[in-house]
Amino acid sequence: MASRDLTTTFQERRAASNMRRRKAGNGGMKPFAKGGGDDFHLEEGALSAGIDRTSASALPPQWVDDVDAVHQELSDITRLMGVLQSMHSSRVGSVFGKDLDEVEGKIEKLTRDITDRFRTAERYLQRVGTATRRAGGEEAVVGSNVQRSLAKKLQELSVEFRQMQRKYLADVQAQKSGGLEGREAKFGLMDEEGGGGGGGADNDFGFTMQQQAVVDDLQEAVQSRDKEIVEIAKSIEELGAIFKELAVLVIDQGTILDRIDYNMEAVVEHTKEGITQLERAETSQKNARPLKCIVFLVCLIAFLLLILIFKHRRRRGIF
Amino acid sequence: MDAVDAIRTYVDRIVTGDGKCRGMKVLLLDASTTQTVSCVYSQTEILSREVYLVSRLDDSSQNPNLGEHINANGSVSNLNDLTMSMPSHLKAVCYLRPTDINAGLLVRELASPRFSEYHIFFSGVVSGGLLRLIAENDEQELVKQVQEFYGDFLPINEDLVTLNCRNTLAMSAATGTAWARDHAHLYERNRRGVEGMLLSLRKQPTQIRYQRSSALAQQLARDVSDSIASDQIFHFRKSGSGTLLLILDRLDDPVTPLLSQWTYQAMVHELLGLNNNRVILRGAPNIAKDLEEVVLSAQQDEFFRKNRHANFGELGEAIQKLLNDYQKHTASHDPSRLNSIEDMQRFMEKFPELRSQSHNVSKHVALMGELARLVDICSLMDVSQFEQELACADDHSTHMKELMEKLGSSSVKIPDKLRLGMLYALRYEDSGDVNLVKTAMARGGVSEDMIELVDTILRYGGSKARGPGLYGERSKDLMTKMTKSILTSVQGVSNVYAQHVPVLMDTVQSICKGKLRMESHPYLVGKPPGAGAGNDPVPEDIIVFMAGGVAYEEATKIEEFNRTNPFKVKVILGGSTIHNSTSFLEELKIL
């Protein structure tokens, strides 16, 4: 696409005109001060004025730092989710690993870490919202737009995160139940063999020692599986609760609310409306009936008091 | 050559300050660049590019430097005092037209700056004086870059472009007369619009042709070719067999904007009004609150992109299919059949997608319903059939009889009666009885000032004013005409509502055969040797600009043409505005 960069021409012209302006300023000041030091004073003055101006506008408000923090959290979360994904696949891939529990523990810790980061990001975002709302005017609009866009990003990440967790859960379930079936098959086989051999008497006595051990094993496996499932389900639930609020901020794509010009008109409308409402409130406050009643009653009280005092004096006067 | 793509590339570069502006940004626009940006970028997209505030520089309620607020107690205070903390740590990216007004606004802004940095992008060629004015007023050196990005128009479809510039019919009629000065700013806008089209599509025309019957077209062509010759920026590498810039005027074909339309985009514009891709349904019966104003944009709406040129019948079927797909989708995600937590979670994940799909379906269903209702009320089927006959066939006595019947009937709405009268007047200007028709119209309820429009349109686009070609007067001799009419009466027409072919299509077809006559469309630039012999070289790209406005029917036909000639020729159509019959009649009133 064709374009033309006028920056250099612009800068030259600006430099020329600023130099001309400074020279003109210097020329004007000459009668008031002696020669050489004059330039120096003027420069200083200009510089300090410049500093004042920049210092007033240089420090961005607190909520900008919060926005940066949210950005940082987002990138951290993305990175950690990648790590989690690889840990998931390694866990699911290894069926007979020795330190399966260790790996699972690490996975759990990482999952909790990511959930915490989501929560901190949400907190920062809410702080941004309140800070900008309080500031009012353009900053409020900027703040709400920032919230909307970052909330959308957070929501997408959380959906991805939940999907990853659910897939992991399903895989682990499948694996464990598959293992269970394997063990059951073995149990059945052993039973047959054992039954085939010294048989009938054993069966009458219920479970033998061996079979008891197997049952214990199975029960343990079931319990641990249950615990895992409960943990994961809990974390998914928490995540879901977090984004109920922020989901409201996200705009539907493709609707009229998604149009830039509509949003600009809406802002104008709201500001105009707001101003009229404020004015109406102000006038109605002044004309309030309650105010009239209060004034009237105060006057009445004063009047009655006067009558009382007068009467009292009269009585005293008689005596 | 894709107009939407061109503008999107420009806006992509602008929102990142052409790569030089990082962090939170504010986008400052003016009235026309707002429309341009809103057509190609949605709010969510622009938010995702870290532009957190979009504001208009020329609107006093959004620009505190401009407005003065009258307090309740009557004192005047500058809005500057009211807003407590200005977001001065933000960087501003401005996208403005290079007009004097905008320069003044920029000067005011730089005098009391609201933001820490300014990156300025102009949507046209900047004059030296303008640049100097801004440079001299930038004391604090806040302007970090100034560039020209030539996105000076609104891309509606990939091959349709508009300038949203009204009242160009008056401008066309006044060219060359003493009143031309009143329309100087409109002319300027149109000229810059054409130049913007050329620059953003990166085409340097090897041939420039214009319509002889229009003084405006000639002047515009001459000015554009002068600009190209004088400024290096217009010079691009020649591609293939060249580019043709064709400048036309609406007065050559006053019939097309008057006809009722039956393709989706055209029909919505004709019956409801499609402005900047927005349709207002407020006021129609049975409209839900969130459908009062809807967006019909081919970039965001897949269904609309596929069906915008589909006719009414096909459209009905397509919407039926859309509805069935949607119902199937929701049935598999039925909230009442959720049995486990997993089902619920899967439902919640699919929910946003389902919600946007549901909104889309209900939007198209509502539009279709409203269009069908209006067709019914205005008995548009009958009226349109007669319109098409008036526009295409030549049968005075039958037409007169039917016209009288329609003008006297109460089921035909008054604006439609006016349109029928005008179509008759245009066709039978010399041979028919226009006065009789006018009295019939008055009896049918058409008001006095509307009847005057019949005379106006004859003055504007009658056979004396326009070029040849409207009613097949151009190249067909008597034999071809007779054979054609015999064939049509014997065979019938495939779709009686789509008979009409706009003059534009005839012109384009002639260009492709190399047979466009020089008497009607002379060359300004690039005349080939031996031209006029009927074998002119066929250009690869044709950029058509119609001063006075285009109609969606022409856009549909151009799109069809592009589709059927994918590797031979590509046409892009631009116009001052996009007319429907209402806007056309309004502009005629001012003539």
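Note that the structure is a prediction, hence the values are computed from the model and not measured. (Residues numbered from 1 in each chain as written. Chains lettered and ligands numbered in written order. Predicted model: local features only at pLDDT ≥ 70, side-chain atom pairs only at ≥ 80, totals over all residues. Heavy atoms only, no water.)

**Side note on the overall build of chain A**
Okay, step 1: Within chain A, the regular secondary structure consists of eight helices and one strand.
Okay, step 2: Walking chain A from its N terminus toward its C terminus, one meets helices and strands in the order β-α-α-α-α-α-α-α-α.
Okay, step 3: Classification of the 319 residues of chain A by burial places 27% in the buried group.
Okay, step 4: Only carbon and sulfur atoms are counted for the fraction: they give 60% of the accessible area of chain A, which is about 21100 Å². (Helix = DSSP H or I, 4+ residues; strand = E, 2+ residues; numbered from the N terminus. Buried < 20%, exposed > 50% of the residue type's maximum accessible area, 1.4 Å probe, protein only. Areas by Shrake-Rupley, 256 points an atom, 1.4 Å probe, with all protein chains shown as cover.)

**Things to note about the sheet that holds strand β14 (residues 293-295) of chain B**
Residue and element names in this part refer to chain B.
Okay, step 1: Spatially, β12-β13-β14 is the arrangement adopted by the three strands of the open sheet, whose pairing is antiparallel. For this open sheet the edge positions go to β12 (274-275) and β14, each flanked by a neighbour on one side alone.
Okay, step 2: The sheet contact formed by β12 and strand β13 (residues 278-280) spans two bridges and is antiparallel. Bridging from a neighbouring strand, Asn 275 pairs with Arg 278 of β13. (Pairing = 2+ DSSP bridges.)

**Details of the packing of aromatic side chains**
Residues and elements named next belong to chain B.
Okay, step 1: Summed over the entire model, instances satisfying the criterion amount to eight aromatic pairs over all chains.
Okay, step 2: Summarising the aromatic geometry, the rings of Trp 262 and Tyr 497 are spaced 5.1 Å apart at their centres and angled 50° between planes, so their arrangement reads as tilted. In this pair, Trp 262 sits in the loop between β11 (243-249) and α10 (264-271) while Tyr 497 sits in the loop between α19 (478-491) and α20 (503-513), placing the two residues 235 residues apart along the sequence.
Okay, step 3: One aromatic cluster in this structure is built from Tyr 10, Phe 121 and Phe 149. (Phe/Tyr/Trp six-rings, centres within 6.5 Å; stacked < 30°, edge-to-face > 60°.)

**Concerning the confidence of the model for chain B**
All names here are of chain B.
Okay, step 1: With 92% of its residues at a pLDDT of at least 70, chain B reaches an overall mean of 86.
Okay, step 2: Confidence drops under pLDDT 50 across residues 69-85; counting only partners more than four residues distant or on other chains, this segment forms 27 contacts.
Okay, step 3: At the level of chain-chain contacts, confidence expressed as ipTM amounts to 0.78, with global pTM at 0.79. (pLDDT = per-residue confidence, 0-100. Contact = heavy atoms within 4.5 Å.)

**Some thoughts on the sheet that holds strand β6 (residues 117-122) of chain B**
Okay, step 1: Read from one edge of the open sheet, six strands run β1(A)-β7(B)-β6(B)-β5(B)-β1(B)-β2(B), paired in mixed fashion. For this open sheet the edge positions go to β1 (3-5) of chain A together with β2 (51-56) of chain B, each flanked by a neighbour on one side alone. Shown here is a sheet whose adjacent strand axes are inclined to one another by a mean of 20°, direction ignored.
Okay, step 2: Examined bridge by bridge, strand β1 (residues 25-29) of chain B and strand β5 (residues 91-96) of chain B share five bridges and lie parallel to one another. When the bridges of β5 of chain B are listed, Leu 27 of chain B appears paired with Val 93 of chain B. (Axes fitted to C-alpha atoms, helices over the stretch in contact; angles between N-to-C directions.)

**Quick notes on the confidence of the model for chain A**
All names here are of chain A.
Okay, step 1: Summing up the model confidence of chain A, the mean pLDDT is 76 and the portion of residues at 70 or higher is 71%.
Okay, step 2: Long-range and interchain partners of residues 32-57, a stretch whose pLDDT sits below 50, account for twelve contacts in this model, where long-range means more than four residues apart.
Okay, step 3: Segment residues 185-202 is flagged for pLDDT under 50; beyond a separation of four residues in sequence, or across chains, it makes ten contacts in the model.

**Some details on the pairing of β2 of chain B**
Residue and element names in this part refer to chain B.
Okay, step 1: Taken across its six residues, β2 has five buried, putting it largely inside the fold.
Okay, step 2: Note: β1 against β2, five bridges, orientation parallel. From the neighbouring strand, Leu 28 faces β2, where its bridge partner is Ser 55.

**Things to note about the packing of helix α16 (residues 414-427) of chain B against helix α18 (residues 448-461) of chain B**
Residue and element names in this part refer to chain B.
Okay, step 1: Closest axis-to-axis distance for the α16/α18 pair is 10 Å, and the angle between their directions is 35°. Seen along the crossing, α16 lies across α18 with a hand that is right-handed. Across the interface between the two elements, Ile 414, Leu 418, Met 422, Ala 425 and Leu 426 from α16 touch Met 450, Leu 453, Val 454, Ile 457, Leu 458 and Gly 461 from α18. (Left-handed = near helix turned anticlockwise from the far one by under 90°.)

**Structural notes on the interface of chain A and chain B**
Often the size quoted for an interface is simply the accessible area lost on bringing the parts together.
Okay, step 1: Between chain A and chain B, the contact holds 57 residues from the first and 78 residues from the second.
Okay, step 2: Both sides of the chain A and chain B interface together cover about 6100 Å² of buried area, and 56% of this is carbon and sulfur.
Okay, step 3: Together, Met 1, Arg 4 and Ile 260 of chain A form the three largest contributors to the area buried by chain A at its contact with chain B, with a combined 13%.
Okay, step 4: Remark: the boundary between chain A and chain B carries six salt bridges.
Okay, step 5: Between the two partners, chain A and chain B, sit 17 residue pairs in polar contact (both at pLDDT 80 or more).
Okay, step 6: Listing elements by their share of the side of chain A that touches chain B, those giving two or more residues are β1, α1 (7-29), α2 (35-58), α3 (62-93), α5 (138-204) and α7 (260-286) of chain A.
Okay, step 7: Top contributing element to the side of chain A that touches chain B by residue count: α5 of chain A, with 13 residues. (Buried area = accessible area lost by both parts, 1.4 Å probe. Salt bridge = Lys/Arg side-chain N within 4 Å of Asp/Glu carboxyl O. Polar contact = N/O pair within 3.5 Å; in protein donor to acceptor, adjacent residues only side chain to side chain.)

**What about the pattern of salt bridges?**
Okay, step 1: According to the stated counting rule, one finds 48 salt bridges over all chains in the structure shown.
Okay, step 2: Put simply, Arg 166 of chain B and Glu 586 of chain B hold a salt bridge, and the shortest N to O gap is 3.7 Å. Remark: Glu 586 of chain B occurs in helix α22 (residues 581-590) and Arg 166 of chain B occurs in the loop between β9 (160-162) and α7 (168-174); sequence separation between them is 420 residues.
Okay, step 3: Through salt bridges with shared partners, one network takes in Arg 259, Asp 261 and Glu 265 of chain A together with Arg 278, Arg 282, Glu 292 and Glu 293 of chain B.

**A word on the packing of helix α14 (residues 380-392) of chain B against helix α15 (residues 396-408) of chain B**
Residues and elements named next belong to chain B.
Okay, step 1: Put simply, α14 and α15 touch, their axes get as near as 11 Å, and they point 150° apart. It follows from the interaxial angle that α14 and α15 lie roughly antiparallel. Every pair of crossing elements has a handedness; the one defined by α14 and α15 is left-handed. Seen from α14, the contacting residues are Asp 382, Val 383, Phe 386, Glu 389 and Leu 390; seen from α15, they are His 399, Glu 402, Leu 403 and Lys 406.
Okay, step 2: Split by residue class, the contact of α14 with α15 holds four nonpolar, one polar and four charged. (Parallel < 35°, antiparallel > 145°, perpendicular 65-115°, else oblique. Nonpolar A, V, L, I, M, F, W, Y, C, P; charged D, E, K, R; others polar.)

**As for the pairing of β11 of chain B**
Residues and elements named next belong to chain B.
Okay, step 1: A large share of β11 lies buried, amounting to seven of its seven residues.
Okay, step 2: In β11, alternate side chains face the same way, and those of Thr 243, Leu 245, Ile 247 and Asp 249 on one face and Leu 244, Leu 246 and Leu 248 on the other are all buried.
Okay, step 3: Across four bridges, the pairing between strand β10 (residues 207-210) and β11 is parallel. Note that in β11 the partner of Tyr 210 across the bridge is Ile 247.

**Observations regarding the environment of Tyr 523 of chain B**
Okay, step 1: Considering the arrangement of structural elements, one finds Tyr 523 of chain B in strand β15 (residues 523-525).
Okay, step 2: Sequence spacing of Tyr 523 of chain B and Ile 451 of chain B is 72 residues, and the spatial spacing of their C-alpha atoms is 39 Å.

**Digging into the side chain of Ser 384 of chain B**
Residues and elements named next belong to chain B.
Okay, step 1: Of note, Ser 384 is situated in helix α14.
Okay, step 2: Looking at Ser 384, its side chain comes within polar contact range of the side chain of Trp 262, at 2.8 Å.
Okay, step 3: If near-sequence neighbours (up to four positions away) are discounted, Ser 384 is found in contact with Ser 260, Trp 262 and Tyr 497.

**A closer look at the nonpolar core**
Okay, step 1: By size, the foremost hydrophobic cluster in this structure holds 58 residues, and its most contacted members are Ile 114 of chain A together with Met 24, Leu 28, Tyr 118, Phe 122 and Val 146 of chain B.
Okay, step 2: Excluding its chain neighbours within four sequence positions, the residues that come into contact with Val 146 of chain B are Arg 4, Asp 5, Leu 6, Thr 7 and Phe 10 of chain A together with Ile 120, Phe 122 and Leu 131 of chain B.
Okay, step 3: Core analysis: the next-biggest nonpolar cluster, separate from the first, contains 53 residues, Ile 14, Tyr 150, Met 171 and Ala 547 of chain B among them. (Core = buried A, V, L, I, M, F, W, Y, C linked by side-chain atoms within 4.5 Å.)

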